[in-house]
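Residues per chain are reported as follows:
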Amino acid sequence: MGRPPRLMKLVVIILVCFFLSAIGSGVFVESASIDFPAEQLPYFISQYEVNVELRRDGSAVVEELIGYQVTEDLRDFSYLLRYPEAGHISLDKIIVSELTDGDETGFQIEALPGDENDGVIRPMTYYQQEKDDYLEINLHVFSQSNTERLIKLSYHVSDLILLHEEAGALDYQFFNSGVRGVITDPVLNMRLPQQVPMSQLWSVAVSQSDFNRETDQETISWRADKLRDREQLRLIVLMPPDLFPDAQKADLSLTWSELADQARELAEEEREGIRWRQRLFFLINVLVILALPIGLAIFRFFDHEASAEYQKKYSQNIPMFIPPALLAVFLRRRKPGHLMLATLFDLVRRGELDRDGYIFIRKDSAYEPYLGYKAYEIFLVTWLFDHVAEGRQRLSVSDIRKYARDSSHAADFRIYFQQFIVLVKESLDEYPLYDRKKTQQGKFLLLILAAAYAGLAIVLLIFLQSVTALLLVVPALVFLTYSFFLRHLNHDGSELYARGQAVKRGIRSAKKADIEFDPAYYALALPLAIALGYSERFVSHLSSRMERNQIDSSIQHEMAVYNVELGSQQWRNQLERLKDELQVMQSLISSSILLAGGPYI
């Protein structure tokens, strides 16, 4: 037998969730985080080189070379230059180059300071504003997509080095200019006032990425393979004090050993923060991966929809104890236009109504009215004939369309339709098919899980400043969506579901599988085919069998209730007309519901 579609849907959801979690865990193994920018950036960083030239007075001249590969038209670049603990920053100049193939410098233009008071933003100008702890720079340079820009920021940093009793100490965060995006091959070059033995230098580089130190005479370099978005390098360097005789003295002078111990403590704090971030990233991946067994466990204990199996893949054993509209809803085929039309056709099959083309005719019954009707059937007949048809015994589908389009009736149509849907659900609930306690328990657990995952995603997104946290939204949405569909069927419900699926497959695939149903089956199954949305292919299958003389038309009158006499010479035209009428009626009723603002269920 075929695998139940409900189970297949769950498997697809779980596989998607597992695939996304595998992506997250795979990136974690490589880098311990997924630090993509929160928004799509209009560029990629192709180069980031920082050159620092230390002066004997403890200041430094800094040059930042930042290469951009522009992917969208861009008018501005923004930078935030952080002040050192005791110093200040003054911008010297900004050089802009547009690079071409094979040209590493390009045509260089110096940007000019702009005048904020004239109210005009001119190209190749920059505007700076001093804040409490940083200098904000906005550079106005138009850059077309698919071009390369090289921006060189030159600025002076005062009191970058503080002079202690036994050392000149540098403690500063580099690659911290507010540049967004992943940086490949970042380089920091630091030039000392004079050459000194490396044994007299001590440094510690704190970053999520591993920086390697290299030396070349008076220059020390730190290099890494990559810096992720928002990542930076905190560099602490101790140097001989005689290199900076004119530097500002620290308020509290410490020995070399004390400075080194303090630097180690600060570095350890930074590393501990990094480790905590890594733990949280690991937690995100674990939680996403755990969604797989959690989903399977909930399905196992709270969703027995696919627990029963039917012996046949295709079946014509229609469960007649439940009307076709209710069986369709039970099988999760919930198109309201089809449900309404299927109910009318089922009443025609039962002899409660007559049909003449697009017109349904209510009979004058001498016996007790609505005997054997379900509540939703009584409501539908009363609504359509007493209100839409205004008490007439004949109801055309075009009357329904006209009523729904009338603005004075649209609100009433919507209210009546919604009540019809409520009664359909209530009528289905009358059948002992569900274990309501386990259904509610499963739904409640799914909602709790969805809220927990979503809440944790928000908290971690704020704390980590990384969209990696949004991976938790995936299982949250899966759990939330699943909560709307979960239901725990009892034994009878599971049997009916499996049997109904076999009947549905037979109706849906009758022509493709060339199934030879009992001729009387077609009249019984037509209302269910309408409710399931397969009426056109179902009638086509009947026509195909008639064409091949697989049904003895001389003795088949079961379809006569639908104005189709298989024993007549006009059976072919009658089947084609029935198929066309069904298509038109389904379209008119569905559009009427939409016109009146009726929801799907």
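Computed from a prediction, not measured in an experiment: that's the story for all the values here.

A. Highlighting the overall build of the protein chain. Counting its secondary structure elements, the protein chain contains 14 helices and 20 strands. Relative to its 601 residues, the protein chain shows a buried fraction of 49%. Across the protein chain, every contact between residues at least 6 apart in sequence was considered, and the portion connecting residues at least 24 apart equals 75%. Split by element, the accessible area of the protein chain, about 29100 Å² in all, is 52% carbon and sulfur.

B. View of the confidence of the model for the protein chain. When pLDDT is averaged across the protein chain, the result is 85; 87% of the residues are at 70 or more. When the elements of the protein chain are averaged for pLDDT, helix α1 (residues 5–31) gives the smallest value, 49, and strand β12 (residues 187–191) the largest, 95. In the model, residues 1–5 has pLDDT below 50 throughout and makes nine contacts with residues more than four positions away in sequence or in other chains. Taken together, the stretch residues 24–38 has pLDDT below 50 and engages in 41 contacts with residues farther than four places along the chain or on a different chain.

C. Representation of the packing of helix α2 (residues 256–302) against helix α9 (residues 473–485) within the structure. At a minimum axis separation of 11 Å, α2 and α9 run at an interaxial angle of 10 degrees. The angle between α2 and α9 places the two elements in the roughly parallel class. On α9, the residues touching A291, I294, G295, I298 and F299 of α2 are P475, F479 and Y482.

D. Spatial organisation of unusual backbone geometry. The backbone phi angle of M124 is positive, close to 60 degrees, even though this residue is not glycine. When you line up the elements, M124 lands in the loop between β5 (107–113) and β6 (125–130). Although it is not a glycine, R332 adopts a positive phi angle of roughly 70 degrees. By the element assignment, R332 lies in the loop between α3 (324–330) and α4 (336–349).

E. Spatial organisation of the pattern of salt bridges. The full count for this structure, using the stated rule, is 23 salt bridges. Across the pair R362 and D386 runs a salt bridge, and its minimum N-O distance is 3.0 Å. Here D386 lies in helix α5 (residues 375–388) and R362 lies in strand β19 (residues 359–362), a separation of 24 residues in the sequence. Relative accessible area serves as the criterion here: at 15%, R362 is assigned to the buried category. Assessed through its relative accessible area of 35%, D386 is described here as partly exposed. If you follow the salt bridges from partner to partner, you end up with E268, E272, R275 and R279 in one network.

F. Spotlight on the packing of aromatic side chains. Applying the stated criterion to the full structure yields 20 aromatic pairs. Aromatic side chains Y521 and F538 sit 6.0 Å apart centroid to centroid with 75 degrees between the ring planes, which places their arrangement in the edge-to-face category. With Y521 in helix α12 (residues 519–532) and F538 in helix α13 (residues 535–547), the pair connects residues that are 17 residues apart, well separated along the chain. Since its relative accessible area comes to 3%, Y521 is described here as buried. These aromatic residues form a ring-pair network of at least three members: F379, W383, Y403, F413 and Y416. Stacked on the ring of Y134, the Lys or Arg R82 has its end atom at 5.2 Å from the ring centre. Of note, R487 hangs over the ring of F330, and the distance from its end group to the ring centre comes to 4.6 Å.

G. Examining the sheet that holds strand β18 (residues 353–356) more closely. Spatially, the three strands line up as an open sheet ordered β18-β19-β20, and their pairing is antiparallel. In this open sheet, the two strands that pair with only one neighbour each are β18 and β20 (394–396). With strand direction ignored, the average angle separating the axes of adjacent strands in the sheet is 25 degrees. Bridging between β18 and β19 involves four bridges; their strand directions are antiparallel. Opposite D354, over in β19, you have I361 as the bridge partner.

Conventions and cut-offs
Residues numbered from 1 in each chain as written. Predicted model: local features only at pLDDT ≥ 70, side-chain atom pairs only at ≥ 80, totals over all residues. Heavy atoms only, no water. Helix = DSSP H or I, 4+ residues; strand = E, 2+ residues; numbered from the N terminus. Buried < 20%, exposed > 50% of the residue type's maximum accessible area, 1.4 Å probe, protein only. Contact = heavy atoms within 4.5 Å. Areas by Shrake-Rupley, 256 points an atom, 1.4 Å probe, with all protein chains shown as cover. pLDDT = per-residue confidence, 0-100. Axes fitted to C-alpha atoms, helices over the stretch in contact; angles between N-to-C directions. Parallel < 35°, antiparallel > 145°, perpendicular 65-115°, else oblique. Salt bridge = Lys/Arg side-chain N within 4 Å of Asp/Glu carboxyl O. Phe/Tyr/Trp six-rings, centres within 6.5 Å; stacked < 30°, edge-to-face > 60°. Lys NZ or Arg CZ within 6 Å of the ring centre and 35° of its normal. Pairing = 2+ DSSP bridges.

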